[in-house]
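So the chains spell out like this:
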Amino acid sequence: SRIAPRLYLGDARTARSPHAMNKFRFTHVLSITAPRKRCMFHGIRTYSCVLEDEEDQNIYQFFRATSKWIAQALDAGGVVLVHCEMGISRSATLVCAYLLWRREVASAQQAIAAVKSQRWRAEPNPGFERHLVRWSGRGCRLRCGKRTHC
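The structure presented is a predicted model; accordingly, all values stated were derived computationally and were not measured.

> Can you help me understand a negative patch on the surface in this one?
Judged by side-chain charge, E52, D53, E54 and D56 come together as a negatively charged surface patch. Assignment of secondary structure puts D56 in the loop between strand 4 (45-50) and helix 3 (63-75).

> Can you help me understand helix 4 (residues 90-101) in this one?
Residues that lie three or four places apart on an α-helix share one face, since the helix turns once every 3.6 residues. The terminal C-alpha atoms of helix 4, which comprises 12 residues, lie 17 Å apart, in line with the 16 Å expected from a rise of 1.5 Å per residue. Of all 12 residues in helix 4, 12 are buried, a share of seventy percent or more. Buried within helix 4 are the following residues: R90, S91, A92, T93, L94, V95, C96, A97, Y98, L99, L100 and W101.

> Where do I start with unusual backbone geometry in this structure?
Peptide bonds are trans in most cases, and residues, glycine excluded, mostly fall at negative phi. In the Ramachandran plot, R6 falls in the positive-phi region, its phi being about 70° despite a non-glycine side chain. Summarising the element assignment, R6 is placed in the loop between strand 1 (2-4) and strand 2 (7-11). A positive phi angle, near 55°, is found at R25, a position not held by glycine. By the secondary structure assignment, R25 is in the loop between helix 2 (18-24) and strand 3 (28-33). Accessibility expressed as a relative area gives 65% for R25, which makes it exposed.

> Hey, could you run me through the pattern of salt bridges in this one?
Pairing is possible between side chains that carry opposite charge, provided their charged atoms lie close to one another. A complete count under the given rule lists four salt bridges for this structure. Close ionic contact of D75 with R102 constitutes a salt bridge, the shortest N to O distance being 2.8 Å. Residue D75 is found in helix 3, and its partner R102 is found in the loop between helix 4 and helix 5 (108-118); the two are separated by 27 residues along the sequence. According to the relative accessible area criterion, D75 is exposed, its value standing at 57%. A salt bridge links K116 to E123; the nearest nitrogen and oxygen atoms lie 2.5 Å apart.

Calculation rules
- Residues numbered from 1 in each chain as written.
- Predicted model: local features only at pLDDT ≥ 70, side-chain atom pairs only at ≥ 80, totals over all residues.
- Heavy atoms only, no water.
- Patch = residues over 30% accessible without salt bridge, like charges linked within 9 Å, V, L, I, M, F, W, Y side chains within 5 Å.
- Areas by Shrake-Rupley, 256 points an atom, 1.4 Å probe, with all protein chains shown as cover.
- Salt bridge = Lys/Arg side-chain N within 4 Å of Asp/Glu carboxyl O.
- Lys, Arg positive; Asp, Glu negative; His and termini not counted.
- Charge placed at Lys NZ, Arg CZ, Asp CG, Glu CD.
- Helix = DSSP H or I, 4+ residues; strand = E, 2+ residues; numbered from the N terminus.
- Expected span 1.5 Å × (residues − 1).
- Buried < 20%, exposed > 50% of the residue type's maximum accessible area, 1.4 Å probe, protein only.

In structure tokens:
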């Protein structure tokens, strides 16, 4: 699902599909999957995070690094796919964190609504949603090591 220009949210099946990879011309793939579920990509820049889709998992730890990675890829003209196993919770949460970091939206609720408007299945689990609220309140204000208003 296209979330923003050159930014897509999907599932592992899409990420493993040579047809999809060619059709959308992905240059960068960010994977957030359970251990031993990572996809391998040839000729594509990748960033991998290992995390279970459980409410008690600390997805917050990935927000800053993945937001920067997505931003750098897009700023360089890349086409980015962010995926987890089903494209519902983990990957949607990282895309929401990126939208907050880039100031595309002002709150966690707005980020989730923006993502859901493009991918109706997107639904960060309650624990991840709490991390997004925390990120929107203070974490994403620390862009590039400088305090800015989010």
